[in-house]
Amino acid sequence: MNLPCASVTPSPHTLEPWQKLGLEIISYFQGRDVVLAVDLTESVGFNDEGRLRLRQVVEDSLQNGDTVYIVPFASQVNPLEPTVNPLTPEKAIKISSKSDLEKVVSAAPLKPDLKLQNTDIQNAELSIYRGLAQLNQCRLTQKQPIKAQSVVWLTDAPLNTQPGISSTIWVETPAASPFRQIDSPQSIERGKWLDSLPLIKRSRPIDKYTLTVVDLKPTVQEFCTPTPGGKETCLVTPYLITKLALPVTVLSLLSISGIVALALGVKHFLSLKKIWTVKVEERTFSLANQGKLSIGEQIECPGNQTRAYLKRKGNQVFLERANHTELPVIYNGKEVT
C-alpha cells in the first residue's frame, strides 16, 4: 500500500555525524531500496554485454530483503511530455529467494521502444532521487527502519550535470522541458537533491551507453521547527532515541557484562600467577600453579620416603598418593588411596 505521508523537500539542516551513524546502525539489518533506471529510447540498444552485466548486478548484488523498483524513462513522441514511473510499493519486487531475481531480470525492459525519444535525463534524476527520499522520509515519520538505497542507471545520457541543460550538453532534452532553464523550480529542486543526498557514483561504459551505480547511504531530511517556550521540535533525534533505545540498552548490558567478565577473568589469571605460601608446622614452602611438594622429602614424614604429593592445580590443592610406595598416607584419620 502507499505510504501516507507528506511530500518531502530537501532539508535545510545538515545531519550531525552521530545522527548519520545512528541511521546507519538502524539500516544495517534492513534490506535496501534498489532502482533499475532504464533508458527506453532507441539510442540505448542493450547488447549481449549489457544483458550480461545487468544479470551480474541482479544475481551478485541483490540480497534477501532488498526491494527493487524498475523505472523505465523516456518521453513520448507526441506530445513531448516526460514519463517516469513512480516508486510505488505496488510495483516493487521484494527479494526473498532466487526466483525473485529472475522476476527482476524478466521485468527489466532491455529492448528500446521506438515510440519513445528525447530522454529528459534531469527529469528522471529529480523523479528518482526525490522518490527515494520520499520512501525514507515516510519511514522516518512512521517510526519504521530506514534503508540504504541504490540506483542502477542504464542510459547514454549524462548524469549529475549542472542545472539547466542545453543541446550542446544533451541534445535529447525536449525543447519544452523546464530543465533547460537553470532557474526553473524543477531545475532548482533537482540541484538541491543532488547537493543534499549522499551520492556515491561508479560507472562502466558499455558499447553506446553507460552502466552507472549510484549508492546512497541511509539518510532522511531533518526539519527543526521553533515551538513556544523558546524550544524547537525536530524529526531525527526523537526517531533515533526511539529506534536505538533497545539496541543501546542491550549493548550497554552486554558491555557491562563484558567488563565484569573481563575483570573476573583478569582477577582469576592473576590469582593463578600468584605464588602461594604453604606452612607445615614450623617450615614454610612456596607453591606455584601446577607445582607440587613431596611428602616424605620436602615435607618431613616418618620413613624418609616420598609417600604422596601436595599438588596445586589452579586455585585448588590436591593430595595425591605416590605410585611407587606401599607406605600408608593418612589424612583426617583416613587412608588416602
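Right, let's talk about the overall build of the chain for a bit. Check the secondary structure of the chain and you find six helices and 17 strands. Going through the 337 residues of the chain one by one, you find that 40% of them count as buried. Long-range pairs, those at least 24 residues apart, make up 64% of the contacts in the chain with a sequence separation of at least 6.

A word on the confidence of the model for the chain. For the chain, per-residue confidence averages 82 on the pLDDT scale, and 88% of positions sit at 70 or higher. Per-residue pLDDT stays below 50 along residues 76-82; that stretch engages in 15 contacts with residues further than four places along the chain or on separate chains.

Turning our attention to the pairing of strand S11 (residues 276-280). In this structure, S11 lies alongside strand S12 (residues 283-287), joined through five bridges in antiparallel fashion. Note that in S12 the partner of Thr 277 across the bridge is Ser 286. The hairpin formed by S11 and S12 contains two residues between the paired strands, and Glu 281 there has a positive phi angle of roughly 55°.

Turning our eyes to something else, we now look at the pattern of salt bridges. Scanning the model with the defined rule gives nine salt bridges in all. Its salt-bridge partner being Asp 66, residue Arg 32 comes within 2.6 Å of it at the nearest N-O pair. Within this pair, whereas Arg 32 is found in the loop between helix H1 (17-27) and strand S1 (33-39), its partner Asp 66 is found in the loop between helix H2 (48-61) and strand S2 (67-76), the two being separated by 34 residues in sequence. Look at the salt bridges and you will find they share partners, linking Arg 55, Glu 59 and Glu 102 into a network.

This part is about the nonpolar core. If you look at the biggest cluster of nonpolar residues, it comprises 27 residues, and the most contacted ones within it are Val 35, Ile 121, Ile 128, Leu 132, Val 151 and Trp 153. Taken together, the elements giving at least two residues each to this core come down to S1, S2, helix H4 (121-141), strand S6 (149-155), helix H5 (185-196) and strand S8 (209-216). Sorting elements by how many residues they give to this core places H4 first, with eight residues. Beyond its immediate chain neighbours, meaning those up to four positions away, Val 151 contacts Val 35, Ala 37, Ile 128, Tyr 129, Leu 132, Thr 212, Val 213, Val 214 and Leu 216.

The subject of this paragraph is the packing of aromatic side chains. The final tally for this structure, using the stated rule, is three aromatic pairs. Ring plane angle 75° and centroid distance 5.7 Å describe the contact between Phe 73 and Trp 153, whose orientation is recorded as edge-to-face. Pair noted here: Phe 73 is in strand S2 and Trp 153 is in strand S6, with a separation of 80 residues, a long-range link. Judged by its relative accessible area of 2%, Phe 73 falls in the buried class.

Before going further, it helps to spend a moment on the side chain of Asp 33. Structurally, Asp 33 is set in strand S1. We classify Asp 33 as buried; its relative accessible area is 0%. At 2.7 Å, the side chain of Asp 33 and the side chain of Arg 139 are in polar contact. With residues near it in sequence (within four places) discarded, Asp 33 still touches Thr 67, Tyr 69, Leu 132, Leu 135, Arg 139, Lys 147, Ala 148, Gln 149 and Ser 150.

Where strand S14 (residues 308-313) lies against strand S15 (residues 316-321), six bridges are found, and the strand directions are antiparallel. Bridging from a neighbouring strand, Arg 312 pairs with Val 317 of S15. Joining the antiparallel neighbours S14 and S15 is a turn of two residues, in which Gly 314 adopts a positive phi near 70°.

On the surface, a cluster of nonpolar side chains totalling about 410 Å² of accessible area is made up of Leu 262, Val 266, Phe 269 and Leu 270. Following the sequence through the fold, Leu 262 ends up in helix H6 (residues 236-273).

Another point: the packing of H2 against helix H3 (residues 98-107). Where H2 contacts H3, the axes come no closer than 10 Å and their chain directions differ by 155°. The orientation of H2 with respect to H3, classified from their angle, is roughly antiparallel. As H2 packs across H3, the resulting crossing turns out to be right-handed. Here H2 contributes Arg 55, Val 58 and Glu 59 to the contact with H3, which in turn contributes Leu 101, Glu 102, Val 104 and Val 105. Looking at the contact of H2 with H3 residue by residue, the class counts come to four nonpolar, no polar and three charged.

The subject of this paragraph is H5. Spanning 12 residues, H5 covers 16 Å between terminal C-alpha atoms, matching the ideal 16 Å at 1.5 Å per step. Those residues of H5 that are buried are in contact with H4 and strand S7 (199-206).

With that out of the way, let us pick up the state of the cysteines. A covalent bond between the sulfur atoms of two cysteines is referred to as a disulfide. A full pass over the atoms with the stated rule returns one disulfide. Covalent S-S linkage joins Cys 224 and Cys 234, the inter-sulfur distance amounting to 2.1 Å. Here Cys 224 and Cys 234 share a disulfide; its torsion about the S-S bond, 115°, makes the bridge right-handed. With Cys 224 in the loop between S8 and strand S9 (225-227) and Cys 234 in the loop between strand S10 (231-233) and H6, the pair connects residues that are 10 residues apart, well separated along the chain.

Rules used throughout
- Residues numbered from 1 in each chain as written.
- Predicted model: local features only at pLDDT ≥ 70, side-chain atom pairs only at ≥ 80, totals over all residues.
- Heavy atoms only, no water.
- Helix = DSSP H or I, 4+ residues; strand = E, 2+ residues; numbered from the N terminus.
- Buried < 20%, exposed > 50% of the residue type's maximum accessible area, 1.4 Å probe, protein only.
- Contact = heavy atoms within 4.5 Å.
- pLDDT = per-residue confidence, 0-100.
- Pairing = 2+ DSSP bridges.
- Salt bridge = Lys/Arg side-chain N within 4 Å of Asp/Glu carboxyl O.
- Core = buried A, V, L, I, M, F, W, Y, C linked by side-chain atoms within 4.5 Å.
- Phe/Tyr/Trp six-rings, centres within 6.5 Å; stacked < 30°, edge-to-face > 60°.
- Polar contact = N/O pair within 3.5 Å; in protein donor to acceptor, adjacent residues only side chain to side chain.
- Patch = residues over 30% accessible without salt bridge, like charges linked within 9 Å, V, L, I, M, F, W, Y side chains within 5 Å.
- Areas by Shrake-Rupley, 256 points an atom, 1.4 Å probe, with all protein chains shown as cover.
- Axes fitted to C-alpha atoms, helices over the stretch in contact; angles between N-to-C directions.
- Parallel < 35°, antiparallel > 145°, perpendicular 65-115°, else oblique.
- Left-handed = near helix turned anticlockwise from the far one by under 90°.
- Nonpolar A, V, L, I, M, F, W, Y, C, P; charged D, E, K, R; others polar.
- Expected span 1.5 Å × (residues − 1).
- Disulfide = S-S within 2.5 Å.

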